[in-house]
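Examination of the molecular architecture
Each chain, written out:
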Amino acid sequence: MTYQEEAVATTRDLREGDMKQVAVGETDVLLACIDNQYYAVSAYCTHYGAPLVDGALHGDRVICPWHHACFHLRQGKQCEPPGMDNLPAFEVRVENEQIYVKVPKDAPDRITPAFVERDTANAQVYAVVGGGAAAAYAVEAMREAGYTGRIIMISADEDIPYDRPNASKEYLQDEAPDEWMPLRSSDFYTQHEIEWLAKEVATVDTQGKKIVFTDDDSIRYDKVLLCTGGKVNTLPVSGANLKGVYTLRSLSDSRTIKEAAKSARKVTVVGSSFIGLEAAMSLQKLNCEVTVVAPEAIPFASRWGEPVGKLIRKLHDENGVHFELETKVREFNGKNGLVETVLLENGKAISTDLVVVGIGVKPATDFLQGVDLADDGGVPVNEYLMAMEDVYAAGDIAQFPYRGKPTRIEHWRVACQQGRLAGYNMAGKEQAYQSVPFFWTAQQGTNFRYLGHTKDFDRIIYDGSVEEQDFMAYYVKDEKIVAVLGVNRDKAMAAIEHLMFAEHMPTPEQVEKGVDVISLL
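Below or above, wherever it landed, is the structure these notes cover. (Residues numbered from 1 in each chain as written. Predicted model: local features only at pLDDT ≥ 70, side-chain atom pairs only at ≥ 80, totals over all residues. Heavy atoms only, no water.)

Let us look at the overall build of the protein. Tallying secondary structure elements over the protein gives nine helices and 38 strands in all. Since a compact globule built from 521 residues should have a radius of gyration of about 24 Å, the 24 Å found for the protein is in line with a globular shape. Expressed as a percentage of the 521 residues in the protein, the buried residues total 54%. Excluding contacts between residues fewer than 6 apart, the proportion of contacts in the protein whose partners are at least 24 apart in sequence is 60%. As displayed, the protein offers around 22,600 Å² of accessible surface, 43% of which is attributable to carbon and sulfur atoms. Considering the protein, the positive charge centre built from 53 side chains and the negative charge centre built from 77 side chains are found 2 Å apart. (Helix = DSSP H or I, 4+ residues; strand = E, 2+ residues; numbered from the N terminus. Rg over C-alpha atoms; globule rule 2.2 N^0.38 Å. Buried < 20%, exposed > 50% of the residue type's maximum accessible area, 1.4 Å probe, protein only. Contact = heavy atoms within 4.5 Å. Areas by Shrake-Rupley, 256 points an atom, 1.4 Å probe, with all protein chains shown as cover. Lys, Arg positive; Asp, Glu negative; His and termini not counted. Charge placed at Lys NZ, Arg CZ, Asp CG, Glu CD.)

Put into structure tokens, the structure is as follows:
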């Protein structure tokens, strides 16, 4: 292999905890000073290619500024999703205060983790029920952790694991081709002998360790991971089954809605949820006239506060989305089985060619036998994602301990995190879930990033201007900061994740006095 070595900085350029992006030939490199040693890795996150130098470094962990993937910079190993690959690490030497980095010609920008090979002498079967992000991360973690037995990933979805958040954003806008969506290729799963079984599960008998399918076929397993995600809520109103009324949960749903939107002029979105408003944004970009119907007076006000809710409403108003708020759908009407009108409880009638219902999901757990479910239908698990012996759960259906309370979070990155840990734990590489929940949404070109979790709060402390879209909102409960929302504060939000992870968050009083959270690292 041919290498290229260059002096890229001096020891005076980087002090302890500093990062700097440099170039060796045509390769961009992230250089960092950790414990008075210098380390070099590929400069960009293996998820969406964000420049890691814009993130935050604490110890040897750097957090990506966009979607908060995390890497250990000494080896380049990814320690928090999203993204599935490690960073290439490069040789560094210091001579006469000059820092030299040695990089292979044609250096890759990512390295797939090392997986063990399947051993046919190992007769064990690990089944994964679900084909989303949790499943994808879990099966890779099993092989990475040394499990050599049979792995079967089971899903009624026609698509192998894909980038679900994109299904309501660029993909629905017809800006992301189909080949962008899979997290891994079919060949990848074949290479590592991870079986994909496209079948609908009728029951999982956790006592008999048996999975029965709707076609009456069945398999037995030694351990099972349940990660079936959420089942979309539907409207219990007349006309809800008319053609042209859709829900958006899967890539297949997005594909169908996108095709239907090509011949639609007017679209009604029911619900001002994250998915609802992302769908409204995306369909509006397809030149549809979009109306959002929701019972709230201000979208997201109960979750993020009125100022943020008014900002989100304004962003959509400015882009031509219409709103009918403080009302609900009474019924859908149409001719020849096709929806034409949405009748509202406030007496208004909306002419429509297409309806997207986005009113939340519930845990898809009706198929389980022998598991005591939580009141909301979730699966209670311990900190190792274990529900009972040889039964694990991850993602939207998992009710896990968070800050001493049973908690269920329907966020894609949480599903990625938990799937990976469940896979490690099933393979015997025991790790507790200690991650910080993180969520992002794109609303008309403005990215909102949210750390932590709370269902309610006592007050909000604002740093910056919500109206100018440059702020952090600190959510305070019992005089502790339990969650933070940021817009255009990417480095500070990455620092906040470090602080939450280390349980070293500033107090509300410190925030009110204007503390620089980056300086607390």
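So, next bit.
Next up on the list: the nonpolar core. Grouped together as the largest cluster of nonpolar side chains are 76 residues, with contacts concentrated most on Val204, Ile211, Leu225, Leu226 and Tyr474. Of all the elements, helix H1 (residues 133-144) adds the most residues to this core, at nine residues. Beyond its immediate chain neighbours, meaning those up to four positions away, Tyr474 contacts Arg459, Ile460, Ile461, Asp463, Ile481, Ala483, Val484, Ile496, Val511 and Val517. Of all hydrophobic cores here, the second largest spans 38 residues; its members include Ala260, Val290, Trp304 and Leu325. (Core = buried A, V, L, I, M, F, W, Y, C linked by side-chain atoms within 4.5 Å.)

Turning next to the sheet that holds strand E28 (residues 368-369). With mixed pairing, the four strands of this open sheet are ordered in space as E16-E15-E14-E28. Pairing within the sheet leaves two strands with one partner each, and these edge strands are strand E16 (218-220) and E28. In the sheet, strand E14 (residues 201-205) pairs with strand E15 (residues 210-213) via four bridges, with the strands oriented antiparallel. Within the sheet, the bridge partner assigned to Val204 lies in E15 and is Ile211. (Pairing = 2+ DSSP bridges.)

On to the pattern of salt bridges. Taken as a whole and judged by the stated rule, the model has 35 salt bridges. A salt bridge links Glu324 to Lys348; its shortest N-O distance comes to 3.2 Å. Taken together, the residues span a long stretch of sequence, with Glu324 in strand E22 (residues 322-325) and Lys348 in the loop between strand E24 (338-344) and strand E25 (349-351) at a distance of 24 residues. When its relative accessible area of 17% is taken as the criterion, Glu324 is described as buried. In this structure, the salt-bridge partner of Arg459 is Glu479, at a minimum N-O distance of 3.2 Å. Placement of Arg459 in strand E36 (residues 459-465) and of Glu479 in the loop between strand E37 (470-477) and strand E38 (480-487) is noted, with a sequence separation of 20 residues between them. (Salt bridge = Lys/Arg side-chain N within 4 Å of Asp/Glu carboxyl O.)

Before going further, it helps to examine the packing of H1 against helix H7 (residues 412-426). Packing of H1 against H7 brings their axes to within 7 Å, and their N-to-C directions diverge by 30°. Between H1 and H7, the angle is such that the two are roughly parallel. Here the hand of the crossing between H1 and H7 comes out right-handed. When H1 is examined against H7, the residues Ala133, Ala134, Tyr137, Ala138, Ala141, Met142 and Glu144 are found in contact with a partner set consisting of Trp412, Ala415, Cys416, Gly419, Arg420, Gly423, Tyr424 and Met426. Partitioning the contact of H1 with H7 into residue classes produces eleven nonpolar, two polar and two charged. (Axes fitted to C-alpha atoms, helices over the stretch in contact; angles between N-to-C directions. Parallel < 35°, antiparallel > 145°, perpendicular 65-115°, else oblique. Left-handed = near helix turned anticlockwise from the far one by under 90°. Nonpolar A, V, L, I, M, F, W, Y, C, P; charged D, E, K, R; others polar.)

Moving on to the pairing of strand E12 (residues 150-154). Counting buried positions along E12 gives four out of five residues, so the element sits mostly inside the fold. Pairing geometry for strand E11 (residues 125-129) and E12, over five bridges, is parallel. Counted as the bridge partner of Val129 is Ile154 from E12. Regarding topology, H1 serves as the crossover connection from E11 to the parallel E12, and that connection is right-handed. In this structure, E12 lies alongside strand E13 (residues 194-197), joined through four bridges in parallel fashion. Residue pairing in the sheet places Ile151 in a bridge with Ile194 of E13. (Right-handed = clockwise from strand over helix to strand, strands pointing away.)

To continue, consider the environment of Pro182. You can see Pro182 is positioned in the loop between E12 and helix H2 (186-191). On the basis of relative accessibility, which here comes to 34%, the residue Pro182 falls in the partly exposed class. Residues Pro182 and Ala9, spaced 173 residues apart in sequence, show a C-alpha to C-alpha distance of 39 Å. Leaving out residues up to four positions away in the same chain, Pro182 has contacts with Ile160, Pro161 and Tyr162.

Its twelve residues give helix H8 (residues 490-501) an end-to-end C-alpha distance of 17 Å, which sits within 8% of 16 Å, the value for a rise of 1.5 Å per residue. With nine of its twelve residues buried, H8 lies for the most part within the structure. The set of residues buried in H8 consists of Ala492, Met493, Ala494, Ala495, Ile496, Glu497, His498, Leu499 and Met500. Within two residues after H8, Glu503 carries a phi angle of roughly 55°, on the positive side. (Expected span 1.5 Å × (residues − 1).)

With that settled, consider the state of the cysteines. The final tally for this structure, using the stated rule, is zero disulfides. Unpaired in this structure, Cys45 has its nearest cysteine sulfur neighbour in Cys64, at a distance of 3.9 Å. For Cys45, a relative accessible area of 2% gives the class buried. (Disulfide = S-S within 2.5 Å.)

Now for the packing of aromatic side chains. Applying the stated criterion to the full structure yields 15 aromatic pairs. The rings of Phe274, Phe300, Trp304, Phe439, Phe448, Tyr450, Phe457 and Tyr475 are connected pair by pair, giving a single aromatic cluster. The cationic tip of Lys102 hangs over the ring face of Tyr3; the distance from NZ or CZ to the ring centre is 5.0 Å. (Phe/Tyr/Trp six-rings, centres within 6.5 Å; stacked < 30°, edge-to-face > 60°. Lys NZ or Arg CZ within 6 Å of the ring centre and 35° of its normal.)

Moving on, we get to the pairing of strand E8 (residues 77-80). Bridge count for strand E7 (residues 70-72) against E8 is three bridges, and the pairing is antiparallel. Pairing of His72 across the sheet is with Lys77, part of E8. Linking two consecutive strands that pair antiparallel, namely E7 and E8, is a turn of four residues; a positive phi of about 85° is found at Gly76 within it.

The strands that make up a sheet pair up through hydrogen bonds in the backbone, lying either parallel or antiparallel. Ordered in space as E13-E12-E11-E17-E31-E30, the six strands form an open sheet in which the pairing is mixed. Only two strands of the sheet have a single neighbouring strand rather than two, namely E13 and strand E30 (386-388). Strand-to-strand twist in this sheet, taken as the mean axis angle between neighbours without regard to direction, amounts to 25°. Sitting on the sheet, H1 is in contact with E11, E12, E13 and strand E17 (223-226), with an inclination near 175° to E12. On top of the sheet, H7 reaches E11, E17 and strand E31 (391-393); it is set at about 170° to E17, its chief contact.

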